[in-house]
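# Fold and geometry: a report
One letter stands for each residue in the lines below.
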Amino acid sequence: MCGECGHEFSSYSVLRRHQMIHTGENPYKCFYCTFATNRRERLQHHCVEKHEMDAEEFRVKCNQEYPSKRGRPKKLDSEKKKNMARMAREQAKKEMEERK
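Report follows, based on the coordinates.

So, how was this worked out
Residues numbered from 1 in each chain as written. Predicted model: local features only at pLDDT ≥ 70, side-chain atom pairs only at ≥ 80, totals over all residues. Heavy atoms only, no water. Helix = DSSP H or I, 4+ residues; strand = E, 2+ residues; numbered from the N terminus. Contact = heavy atoms within 4.5 Å. Core = buried A, V, L, I, M, F, W, Y, C linked by side-chain atoms within 4.5 Å. Buried < 20%, exposed > 50% of the residue type's maximum accessible area, 1.4 Å probe, protein only. Salt bridge = Lys/Arg side-chain N within 4 Å of Asp/Glu carboxyl O. Axes fitted to C-alpha atoms, helices over the stretch in contact; angles between N-to-C directions. Parallel < 35°, antiparallel > 145°, perpendicular 65-115°, else oblique. Left-handed = near helix turned anticlockwise from the far one by under 90°.

## Focus on the side chain of Thr-37
One can find Thr-37 in strand β2 (residues 36–37). Not counting residues within four places of it along the chain, the set of residues in contact with Thr-37 comprises Asn-26, Pro-27, Tyr-28, Arg-42 and Leu-43.

Below you can see the structure in the form of C-alpha cells.
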C-alpha cells in the first residue's frame, strides 16, 4: 500500500514504480531532448513518435544508456528500500488503528 495516497498494489515492484509519481523520480531520460519519465515503454513511445526512432535503434541506445539488467536503471539502494518498506508498514498500521 502506498504510504502517500493509500493505493494498494499487487506487488512491491508495482508499488515502487507508483511511488516515483510522488517522489518525482524519472530515471528514463530522452537521448535527444529534455523529456523524462519513470517508465521505459513511455520513453520508447516518445522516441518513436517524436524522434522517428525505430524499435531496434531504441533497444540498442537504451541498453547503452541503462546498462543494468534489461535496460533498466539500477535498483534502489537498500537504505531507500528499507525506508519505503517502513513507510508502507506504518501506513498499514495506521489504517488498521483507524478501522477499530
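## Let's talk about the nonpolar core
Proteins that are soluble and globular tend to have nonpolar side chains buried together. Tyr-28, Cys-30, Phe-31, Leu-43, Cys-47, Met-53, Phe-58 and Cys-62 together form the largest nonpolar core, which totals 8 residues. Broken down by secondary-structure element, the contributors of at least two residues to this core are α2 (40–51) and α3 (55–65). Beyond its immediate stretch of four places on either side in the chain, Cys-47 contacts Cys-30, Phe-31, Glu-52, Met-53 and Phe-58.

## Things to note about the pattern of salt bridges
In the structure shown here, the tally under the stated rule is 1 salt bridge. One salt bridge in this structure joins Arg-39 and Glu-41, with 2.5 Å as the shortest N-O distance. Relative accessible area serves as the criterion here: at 22%, Arg-39 is assigned to the partly exposed category. Judged by relative accessible area, Glu-41 falls into the partly exposed class, the value being 43%.

## Topic: the packing of α2 against α3
Following both chains from N to C, one finds α2 and α3 inclined at 130°, their axes separated by 10 Å at the closest point. By the angle between their axes, α2 is oblique relative to α3. Judged by the twist between their axes, the crossing of α2 over α3 is right-handed. Between α2, through Arg-40, Leu-43, Gln-44 and Cys-47, and α3, the contact on the second element is made entirely by Ala-55, Phe-58, Arg-59, Cys-62 and Asn-63.

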